[in-house]
Amino acid sequence: QVQLVESGGGLVQPGGSLRLSCAASGFAFSIYAMTWYRQAPGKERELVATITSAAGNTNYADSVNGRFTISRDNVKNTVFLQMDSLKPEDTAVYYCNARYAPPFSPLRSYWGQGTQVTVSS
């Protein structure tokens, strides 16, 4: 059974930090690209950061570049999002996504249930 379980969300003051985790099971984690998305109330879901499977190359949304860091541990089947210098506009539900496009086969994409991050004084 495929599972992605996010944790680490919560309430933090502006300028603070949080570290999100997404624990994966039920699929070959190491070959999947992993991405963090977020969705704020009344807004569309947006990509925050992504990390590739093999080389671990990373890419960030302009709004978080320099403040957030995505990383992965292919032994523990976990992806992380270190969030520093948090701003109120970072408030959202954060989701992790696993994605793999096998040759000549349908795309595989799995989602977690989300974790709430609230940045407020």
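Since this is a predicted model, take the numbers as computed values, not measurements.

Undergrad: Help me understand the side chain of Ser21 in this model?
TA: Among the structural elements, Ser21 can be located in strand E3 (residues 18–25). Overall, the relative accessible area of 18% leaves Ser21 in the buried class. Residue contacts for Ser21: discarding those within four places in its chain leaves Val5, Glu6, Ser7, Trp36, Thr78, Val79 and Phe80.

Undergrad: Where do I start with the sheet that holds strand E1 (residues 3–7) in this structure?
TA: The pairing of strands in a sheet comes from backbone hydrogen bonds and takes either a parallel or an antiparallel form. Ordered in space as E1-E3-E8-E7, the 4 strands form an open sheet in which the pairing is antiparallel. Edge positions in the sheet fall to E1 and strand E7 (68–73), since each has one partner strand and no second. On average, each strand axis in the sheet is tilted by 15 degrees relative to the strand beside it, whichever way the strands run. Bridge count between E3 and strand E8 (residues 78–83): 6 bridges; the pairing is antiparallel. Across the sheet, the residue bridging to Ala23 is Thr78, located in E8.

Undergrad: Would you explain the state of the cysteines in this entry?
TA: As used in these notes, a disulfide is a covalent bond between sulfur atoms, one from each of two cysteines. All told, the structure shown has 1 disulfide when counted by the stated rule. Across the disulfide, Cys22 is cross-linked to Cys96 (sulfur-sulfur distance 1.9 Å). In this pair, Cys22 sits in strand E3 while Cys96 sits in strand E9 (residues 92–100), placing the two residues 74 residues apart along the sequence. Of the two residues, Cys22 and Cys96, both sit in the buried class.

Criteria and cut-off values
Residues numbered from 1 in each chain as written. Predicted model: local features only at pLDDT ≥ 70, side-chain atom pairs only at ≥ 80, totals over all residues. Heavy atoms only, no water. Helix = DSSP H or I, 4+ residues; strand = E, 2+ residues; numbered from the N terminus. Buried < 20%, exposed > 50% of the residue type's maximum accessible area, 1.4 Å probe, protein only. Contact = heavy atoms within 4.5 Å. Pairing = 2+ DSSP bridges. Axes fitted to C-alpha atoms, helices over the stretch in contact; angles between N-to-C directions. Disulfide = S-S within 2.5 Å.

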